[in-house]
Amino acid sequence: MADQKIRIVLKAFDHRVLDLSAQQIMETAERTGARTAGPIPMPTTNKKFTVIKGPHVHKDGREYFELRIHKRLIEILAPSSKTMDSLTRLNMPAGVDIAIKL
């Protein structure tokens, strides 16, 4: 794994939990001797939904809902096998989606 890099993309609805998870991954990678870059905040995706309040009397009334998805990017440069083992054993909090690309 000499010239490889690991790209980790974290997604969550709550940015505080996401930042704690990113910090935990960074500390684990640095503890095993790998160089790291990040966490890089990616643009937040906003999904907006409009729902009619009621079909009869309140047919002109609307309710608006918003869903924000926060993302962070972490790159681990020059990982070792020890780095991969420690990252797979890491316990992440609920609500954080992790995508790992080699």
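Coordinates for the structure precede this section.
Notes on the structure in this doc start here. (Residues numbered from 1 in each chain as written. Predicted model: local features only at pLDDT ≥ 70, side-chain atom pairs only at ≥ 80, totals over all residues. Heavy atoms only, no water.)

What to know about the overall build of the chain
- In terms of regular secondary structure, the chain is built from two helices and four strands.
- In the chain, the order of α-helices and β-strands from amino to carboxyl end is β-α-β-β-α-β.
- Radius of gyration (C-alpha) of the chain: 19 Å, far over the 13 Å computed for a compact globule of 102 residues.
- Taken along the three principal axes of its C-alpha coordinates, the chain extends 65 × 25 × 15 Å.
- Each of the 102 residues in the chain was classed as buried or not, and the buried ones make up 25%.
- Contacts in the chain between residues far apart in sequence, at least 24 positions, make up 74% of those at least 6 positions apart.
- Surface accessibility of the chain: about 7200 Å² in total, with carbon and sulfur atoms responsible for 53%. (Helix = DSSP H or I, 4+ residues; strand = E, 2+ residues; numbered from the N terminus. Rg over C-alpha atoms; globule rule 2.2 N^0.38 Å. Buried < 20%, exposed > 50% of the residue type's maximum accessible area, 1.4 Å probe, protein only. Contact = heavy atoms within 4.5 Å. Areas by Shrake-Rupley, 256 points an atom, 1.4 Å probe, with all protein chains shown as cover.)

A few points about helix 1 (residues 15-31)
- Its 17 residues place the ends of helix 1 24 Å apart at the C-alpha level, agreeing with the 24 Å of an ideal helix rising 1.5 Å per residue.
- Listed in full, the buried residues belonging to helix 1 are Leu-18, Ser-21, Ala-22, Ile-25, Met-26, Thr-28 and Ala-29. Seen along its axis, helix 1 keeps its buried residues to an arc of 165°; they face one direction. Projecting away from the buried face of helix 1 at angles above 90 degrees are the exposed residues Arg-16, Leu-20 and Arg-31.
- Where helix 1 is buried, its residues meet strand 1 (5-12), strand 2 (35-52), strand 3 (62-77), helix 2 (81-88) and strand 4 (96-101).
- Positioned one or two residues after helix 1, Gly-33 has a phi angle of 95°, which is positive. (Expected span 1.5 Å × (residues − 1). Arc of directions from axis to C-beta.)

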